[in-house]
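# A look at the structure
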Amino acid sequence: MEEIATGSIVTTADETNPAAAAPQCARAPVGLLAELTHRCPLQCPYCSNPLELTRVAQELTAAQWQDVMRQAGDLGVLQLHLSGGEPCVRQDLEQILDAAVTAGLYTNLITSGVTLTRERLEGLAKRGLDHVQLSIQDVDPANAERISGYKGGAAKKHEVVKWIKELGLPLTLNAVVHRHNIASLPAMIDYAVEMGAGRLEVAHTQYYAWALKNRAALIPTREQFLDTVRYVEEARERLKGILVFDFVVHDHYAVRPKPCMGGWGKSLVTITPSGNVLPCHAAETITWLKHDNIKERELGDIWLNGAAFNAYRGTSWMKEPCRSCDRREIDYGGCRCQALAMTGDPAATDPTCDKSPHHAAFKGLALKEAYEPSPAFLYRRMGAGVAAD
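Below you will find a few notes about this structure. As the structure is a computational prediction, the values presented were derived from the model and not from experiment. (Residues numbered from 1 in each chain as written. Predicted model: local features only at pLDDT ≥ 70, side-chain atom pairs only at ≥ 80, totals over all residues. Heavy atoms only, no water.)

## With respect to the sheet that holds strand 10 (residues 268-271)
Note the following rule: Two strands form a pair only when DSSP identifies at least two bridges running between them. The numbering of helices and of strands both runs from the N terminus, where a helix is a DSSP run of H or I of at least 4 residues and a strand a run of E of at least 2. Note on contacts: a residue pair qualifies if any of its non-hydrogen atoms lie within 4.5 Å across the two residues. The convention used is that axes are lines fitted to C-alpha atoms, helices contributing only their stretch in contact, and that angles between N-to-C directions extend from 0 to 180 degrees.
Sheet architecture is open: nine strands sit in the order 9-8-7-6-5-4-3-10-11, paired in mixed fashion. Two strands close off the open sheet at either side, each with one partner strand: strand 9 (244-248) and strand 11 (277-278). When strand 3 (residues 31-35) meets strand 4 (residues 79-83), the two strands line up parallel, connected through five bridges. Note on strand 4: the bridge partner recorded for G31 is Q79. Taken strand by strand, helix 1 (residues 62-75) contacts strand 3, strand 4 and strand 10, and its axis lies near 175 degrees from that of strand 3.

See the structure below:
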């Protein structure tokens, strides 16, 4: 997702204790990721949805989502990312989109495309949809089907890409890369150019939720990772003015962490299908955080004053070596959920960082698992993740 600079910096503090640290944040998040549902026909083993998927009966209603859009517009949110699961399985998607357009939000549909018809896509465009982000698993149809657990997906996606361009909608293709499709990256770049995409997101798998369960099956070797760096750098130079690249690197082979969501509680907010409001879409893995629900509290109040948002906002929460690091306001300590998964402490230094005492062990996991035969996928299915625990 693109970051847009915003002003209007405000602070929240304990008014009864003026000396208390006051985390800083923008008055409104730049972007809202609306996870409309966890239902999805694909079964990708790297899915970022939680292992315990929300059932349809627990999903926010169209009216509740429409109120979220109103609140987001009033608050000053700029971008709305309609996601899931697969957002197009919701038959009331059009009603939700109408509310977002009325609220003045820039709307991006993040979809696998496999449930779309041309008529429905055209209808969404006429209602004001601004952009489509389509996932691809591989350009090799058989391998794409094996990864997604969905037959005929590659052919349908190809058809949907053509509809998107015919309707004049801007298109981003999103490719999550791992050991089972990494060799196809040059072909995926060529495909993005051929199909007229304006942007290609090449994202190395982020290992939490389903991907963490499947890490040994997905993790590439260091040599494969470095190949992707070379492919992207070469293509970025060659395709200037033709294709924009977003590149999310592999954490196990890095030495500096990425800022979590641009910084925890800094510019982005996620709302789950059931209405929980999160600083990042994996934040529920920190089970002792109190996550407010949009059915019980206004979005603006949660953003500014919610306990989960202020838990790791800014830098005052940091331990050493982050607290005294000259990069503390660049990477904000990295990913809290990854720190938790590796160390048991979400306030620890992200183990991606070579200053973390856990960095060698974190890198060692990759060096061990990537060179062993890949186990079978644990596919993303309702109930499968909980049973696997």
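## A closer look at the packing of helix 2 (residues 93-102) against helix 3 (residues 118-127)
Rules: Note on angle classes: values under 35 degrees are labelled roughly parallel, values over 145 roughly antiparallel, values of 65 to 115 roughly perpendicular, and the remainder oblique. It is the rotation of the near helix from the far one that decides the hand of a crossing: anticlockwise by less than a right angle makes it left-handed, clockwise makes it right-handed.
The N-to-C vectors of helix 2 and helix 3 enclose an angle of 20 degrees; their axes lie 10 Å apart at closest approach. The angle between helix 2 and helix 3 places the two elements in the roughly parallel class. Both helix 2 and helix 3 take part in a crossing whose hand is right-handed. Here L93, E94, L97, D98 and V101 of helix 2 come into contact with helix 3, specifically with R120, L124 and R127.

## Points about the nonpolar core
The test is simple: Here, nonpolar core means buried Ala, Val, Leu, Ile, Met, Phe, Trp, Tyr and Cys residues that are tied together by side-chain atoms lying within 4.5 Å of each other. The buried label goes to any residue with under 20% of its type's maximum accessible area, the exposed label to any with over 50%, and the partly exposed label to all in between, with areas taken from a 1.4 Å probe on protein chains only.
If you look at the biggest cluster of nonpolar residues, it comprises 58 residues, and the most contacted ones within it are W65, M69, L82 and L173. When near neighbours in sequence (up to four residues on either side) are disregarded, W65 contacts A34, E35, L36, L60, R90, I96, I271, T272 and P273. Of all hydrophobic cores here, the second largest spans 26 residues; its members include C47, A209, W210 and A347.

## Quick look at the packing of helix 6 (residues 185-194) against helix 9 (residues 222-238)
Stated formally: Residues are grouped as follows: Ala, Val, Leu, Ile, Met, Phe, Trp, Tyr, Cys and Pro are nonpolar; Asp, Glu, Lys and Arg are charged; every other residue, Gly included, is polar.
With their axes 10 Å apart at the nearest point, helix 6 and helix 9 run at an angle of 25 degrees to one another. Considering the angle they form, helix 6 stands roughly parallel to helix 9. Crossing hand, helix 6 versus helix 9: right-handed. Where helix 6 approaches helix 9, its residues L185, P186, I189 and D190 are matched on the opposing element by T228, Y231, V232, A235 and R238. Residues that form the contact of helix 6 with helix 9 fall into these classes: six nonpolar, one polar and two charged.

## A closer look at the environment of Y106
Checked against the element boundaries, Y106 lands in strand 5 (residues 106-111). Classification of Y106 as partly exposed rests on a relative accessible area of 37%. Among residues more than four places away in sequence, those in contact with Y106 are L78, Q79, L80, D130 and H131.

## Some thoughts on unusual backbone geometry
One can expect most non-glycine residues to show negative phi and most peptide bonds to be in trans. Note the cis peptide between G84 and G85, where omega equals 15 degrees. Among the secondary structure elements, G85 is positioned in the loop between strand 4 and helix 2. Residue P321 is reached from E320 by a cis peptide bond, and omega for that bond is 10 degrees. For P321, the location among the structural elements is in the loop between helix 11 (307-311) and helix 12 (336-343). The phi dihedral of A209 falls on the positive side, at around 55 degrees, and the residue is not glycine. By the secondary structure assignment, A209 is in the loop between strand 8 (199-204) and helix 7 (210-213).

## So, the packing of aromatic side chains
Spelled out, the test is: Pairing of aromatic side chains here covers Phe, Tyr and the six-membered ring of Trp, requires ring centres within 6.5 Å, and sorts the geometry by plane angle: under 30 degrees stacked, over 60 edge-to-face, intermediate tilted.
According to the stated counting rule, one finds five aromatic pairs in the structure shown. A ring pair is formed by Y312 and W317, whose centres lie 5.3 Å apart and whose planes are at 85 degrees; its orientation type is edge-to-face. Look at W317 and you get buried, because its relative accessible area is 14%. Ring geometry for F377 against Y379: centres 5.6 Å apart, planes inclined by 80 degrees, an arrangement best described as edge-to-face.

## A few points about the pattern of salt bridges
As a reminder, the rule being used: By convention in these notes, a salt bridge is any Lys or Arg side-chain nitrogen within 4 Å of a carboxyl oxygen on Asp or Glu.
Enumeration over the complete set of coordinates arrives at 23 salt bridges. For D246, the salt bridge is made with R199, and the minimal N-O distance between the two is 2.9 Å. A residue pair is termed long-range when its members are at least 10 positions apart, and D246 in strand 9 and R199 in strand 8 qualify at 47 residues. Using a relative accessible area of 22% as the deciding quantity, one classes D246 as partly exposed. Here R199 falls in the buried class, since its relative accessible area comes to 17%. Between R230 and D227 there is a salt bridge, with its nearest N and O atoms 3.0 Å apart.

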